[in-house]
Amino acid sequence: MNSQRLEGTAIASSSGVVIGKVQKLVAGQAAISERHLSTEELQEEQLRLAAAVQSALQELDAEHTHLLGLEHQDPVLILEAHRMLLLDPELVDKALNLIENEKINAEWALRRQMDEIITVFDCIEDEYLRSRKSDVEQVGQRIMCHLMGQVFGSDSMQSDDPTIIVADDLSPSNIVLLWRQGAAGIICEQGGINAHAIIVARGIGLPALLGASDLLGQVHDGDVLLLDAEQGHWILHPSAKEIAQYQRFITAMDLARHDLKVFAKQPSKSANGHRMDIMANLEFREEIALAVELGVEGVGLFRTEFIFMQDAMPPDETRQYQQYAEIVKGMHGFAVTFRLLDVGGDKPALFQQLSGYHYNGENPAMGLRGVRMLLQWPSVLRAQVRAILRASEYGEVNILVPMVTNSSEMIAVREMVDACCDELEIQKNTVSVGCMIEVPAAVMIADDLAAVSDFFSIGTNDLIQYTLAADRADEDVCGIYSPNHPAILALIRKTAHAAHKAEIPVMVCGELAANPEWTETFLNLGLHGLSMSLNSALRIRKHLSQLEYKPEVP
Ligand code: PEP
Ligand code: MG
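Residues numbered from 1 in each chain as written. Chains lettered and ligands numbered in written order. Predicted model: local features only at pLDDT ≥ 70, side-chain atom pairs only at ≥ 80, totals over all residues. Heavy atoms only, no water.

K.L.:
Please clarify how the sheet that holds strand β7 (residues 224–228) should be interpreted in this entry.
P.N.:
In sheet architecture, strand pairing relies on hydrogen bonds along the backbone and comes in two forms, parallel and antiparallel. Taking strand neighbours across the sheet as the criterion, the eight strands line up as β1-β8-β7-β3-β4-β5-β6-β2 in an open arrangement whose pairing is mixed. Two strands lie at the open edges of the sheet, namely β1 (6–9) and β2 (11–12), each paired on one side alone. As judged from the five bridges shared by strand β4 (residues 163–167) and strand β5 (residues 183–188), these two strands associate in the parallel manner. Within the sheet, the bridge partner assigned to V166 lies in β5 and is I187. Helix-sheet contacts for helix α9 (residues 240–260) involve β3 (17–25), β7 and β8 (233–236), and the interaxial angle to β3 is about 115 degrees. (Pairing = 2+ DSSP bridges. Helix = DSSP H or I, 4+ residues; strand = E, 2+ residues; numbered from the N terminus. Contact = heavy atoms within 4.5 Å. Axes fitted to C-alpha atoms, helices over the stretch in contact; angles between N-to-C directions.)

Quick look at the structure:
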């Protein structure tokens, strides 16, 4: 095996350094593995495809049962059509034949058969019938997911050395899955600095690099790789000297982290005693213990997407309630701000791809995201609001509304919250309903929004993306996607002033909250809190303690 030393730079998206062994992971439609098989392997491969079809069928039937209760029956009809396709010999039987005749692996055979059918659809003149090819794509992908699920097999990371996953692109759910299976670091060829997947890695403290183009083609499973997520650097087959140098660096970082511990459970305030809460951005219940240990002053942003992302159907009210209640109880009296579901854009959910909730927007970042989607699917909104309200029995909770562009969206959500309070016999206004400020138009109408919101939370990740017209997940425009553009400060300032005028709290929950270069600005703008990934909380609390509060006069 070639063990030539290679190095490169990538976007430093998380923190930490890890030296480990490579495990390549190629997922997704474009990158399915293509393998020729020996005659002895054929039968097993056919059984693997048949098992994936069976699992897909069971999943479909479960969704079908669940959907029958909804007033909206379109999704049921779609699932029925998908069931027929799943059983259609044109797809599965022919893919099974391909495995045997061409001696190829199941993923490859399935993809080839899907392409074959789609080509036939492309030749159909009737526009409606032609458009049904997306059903073939969805059914095929559903089977493919079950096949590819085996890529994440638990036996894959049993080596004694830390495993570094090298992938083309990874979804947030896959990052968490890999982390739970013991991955020590991640390098992706694609992705930008504030792609949701990388925010997840940051949150769970997993060293990660993005935008490492062409790396996949140069590494092999088992290669030694050094991943420096502090400086955005990787070295393949590092020398003994480099390994020793980085080991010293890792030890120094551990010591620095230890020193920060004195700031745990301290109140967050400036040197002259002005309070600005340091709160946590969380996505997983596994993070709660650390949040409590660090003594954050509440959860400023609980992204509920992950609870939805893993499943083929939106979880029902009871399942959500159980998870939210666990989080509220775990925070021991500190408030938890649950953000309503914000799938779409760079946060695709499996249930959207697989079920009747499919959304086909040309430009998902500008399409049905956040509150826009929720208002189109009131049953999803209602179940989530009721689950959050019920969890308020265990402690203070707030509801945060994502992607607000118009006051009418806040009003509609408030109406839903009030109606659910009535149903559950909970007093109205016991739960605050806040507005994410992450679209420039929301800043321009901040006075109007303040009149219908209990608090503001500035989502700088999207605010920067939409203001500068630079995709947060696209490495090609990561130089343009910058908080240093003067428009960003102007928008944050305008939002803060509107909140102060209306006497409602305002905080920042985007990644900028964790940027020490901005702490002084946020402090002097009179923000009430900063909510961030846990790995930054103590560093920013320490930094804040060294700053003088000098309020900006509007
Ligand atoms: C943001 O946009 O800044 C934000 C906090 O939301 P998300 O990153 O989940 O889109
Ligand atoms: Mg956002």
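K.L.:
Before we go on, may I ask you to explain the site of ligand 1 in this structure?
P.N.:
With respect to spatial proximity, 16 residues lie near ligand 1, and among them R303, R339, K347, N461 and R472 are the closest. Separating an oxygen atom of ligand 1 from a side-chain N or O atom of R339 is a distance of 2.8 Å. Here an oxygen atom of ligand 1 and a side-chain polar atom of E438 are 3.0 Å apart. Expressed as a share of its isolated accessible area of 290 Å², the protein-covered part of ligand 1 is 100%. For the shell around ligand 1, the secondary structure elements donating two or more residues are β10 (299–303) and α19 (460–468). (Near = heavy atom within 4 Å. Polar contact = N/O pair within 3.5 Å; in protein donor to acceptor, adjacent residues only side chain to side chain. Areas by Shrake-Rupley, 256 points an atom, 1.4 Å probe, with all protein chains shown as cover.)

K.L.:
What is the right way to look at the packing of aromatic side chains in this model?
P.N.:
Here a ring pair, both rings aromatic, is described through the centre-centre distance and the interplanar angle of the planes. A full pass over the atoms with the stated rule returns six aromatic pairs. Consider the rings of Y246 and F249, whose centres lie 6.2 Å apart with planes at 80 degrees: the pair is edge-to-face. Here the residue Y246 and the residue F249 both occupy positions in helix α9, the gap between them amounting to three residues, near one helical turn. On the basis of relative accessible area, Y246 is assigned to the buried category, the value being 11%. Take F249: its relative accessible area is 29%, and that puts it in the partly exposed class. Put simply, the rings of W179, F284 and F306 touch in pairs and so form one group of aromatic residues. (Phe/Tyr/Trp six-rings, centres within 6.5 Å; stacked < 30°, edge-to-face > 60°. Buried < 20%, exposed > 50% of the residue type's maximum accessible area, 1.4 Å probe, protein only.)

K.L.:
Looking at this structure, I do not really get the nonpolar core. What am I missing?
P.N.:
Note that soluble globular proteins tend to have their nonpolar side chains buried in a common cluster. F338, L340, V385, F456, F522, L527 and L530 are the most contacted members of the largest nonpolar core, which totals 90 residues. In terms of residues, this core owes the most to one element, helix α15 (residues 378–391), which gives seven residues. Contact partners of V385, with chain neighbours within four places excluded, come to L340, I399, M416, V417 and C420. Core analysis: the next-biggest nonpolar cluster, separate from the first, contains 31 residues, L49, L86, I99 and A106 among them. (Core = buried A, V, L, I, M, F, W, Y, C linked by side-chain atoms within 4.5 Å.)

K.L.:
What exactly am I supposed to notice about the coordination of the magnesium ion (ligand 2) here?
P.N.:
Reference geometry at the metal: tetrahedral coordination by four donors gives ideal angles of 109.5 degrees; octahedral coordination by six donors gives 90 or 180 degrees. At 2.0 to 2.1 Å from the magnesium ion (ligand 2) lie its protein donor atoms, namely E438 (OE) and D462 (OD). Pair noted here: E438 is in the loop between β13 (432–437) and α17 (440–444) and D462 is in helix α19, with a separation of 24 residues, a long-range link. Neither E438 nor D462 differs from the other in exposure class; each is buried. (Donors = N, O, S within 2.8 Å, 3.2 Å for Na, K, Ca; no water.)

K.L.:
Can you walk me through the pattern of salt bridges in this structure?
P.N.:
Opposite charge on two side chains permits pairing when their charged atoms draw close. Applying the stated criterion to the full structure yields 26 salt bridges. A salt bridge links R382 to E423; the shortest N-O distance between them is 2.8 Å. On the criterion of sequence distance, the pair formed by R382 in helix α15 and E423 in helix α16 (residues 407–424) is long-range, its members being 41 residues apart. Accessibility expressed as a relative area gives 35% for R382, which makes it partly exposed. For E423, a relative accessible area of 38% puts it in the partly exposed group. (Salt bridge = Lys/Arg side-chain N within 4 Å of Asp/Glu carboxyl O.)

K.L.:
Just checking my understanding: could you explain the confidence of the model for the protein chain for this structure?
P.N.:
In low-pLDDT regions, the fine details of the predicted coordinates are not to be read closely. Confidence in the prediction of the protein chain, expressed as mean pLDDT, is 86, and 89% of residues score 70 or more. With pLDDT under 50 throughout, residues 150–156 is counted as low confidence; its partners more than four residues away or in other chains account for 11 contacts. (pLDDT = per-residue confidence, 0-100.)

K.L.:
Looking at this structure, I do not really get the pairing of β4. What am I missing?
P.N.:
Two faces, one strand: in a regular strand the side chains alternate between the faces of the sheet. The element β4 is extensively covered by neighbouring structure, given that five of its five residues are classed as buried. Side chains T163, I165 and A167 project from β4 onto one buried face, and the interleaved I164 and V166 project onto a second face that is buried too. Examined bridge by bridge, β3 and β4 share five bridges and lie parallel to one another. Across the sheet, L25 pairs through a bridge with A167, a residue of β4.

K.L.:
Sorry, what's going on with unusual backbone geometry here?
P.N.:
With glycine set apart, most residues show a phi of negative sign, and most peptide bonds adopt trans. Residue H237 is not a glycine yet carries a positive backbone phi of 50 degrees. The backbone phi angle of M403 is positive, close to 60 degrees, even though this residue is not glycine. Structurally, M403 is set in the loop between β12 (397–401) and α16.

K.L.:
How do you make sense of the environment of I164 when you look at a structure like this?
P.N.:
Of note, I164 is situated in strand β4. For the pair I164 and D223, spaced 59 residues apart in the sequence, the C-alpha separation amounts to 9.7 Å. Dropping the residues within four chain positions of it, I164 is found in contact with V18, I19, G20, K21, V22, Q23, G185, I186, I187, L225 and L227.

K.L.:
Just to check I follow, could you spell out helix α4 (residues 106–122) for this structure?
P.N.:
Between its terminal C-alpha atoms α4 stretches 24 Å, which fits the 24 Å expected from 17 residues at 1.5 Å a residue. Those residues of α4 not exposed but buried are A106, E107, W108, A109, L110, R111, Q113, M114, I117, I118 and F121. (Expected span 1.5 Å × (residues − 1).)

K.L.:
How should I be thinking about the side chain of S270 in this particular structure?
P.N.:
Note on placement: S270 falls in the loop between α9 and β9 (277–282). The exposure class of S270 is buried, given its relative accessible area of 3%. Setting aside residues no more than four positions away along its own chain, S270 makes contact with L523, L544, S545, L547 and Y549.

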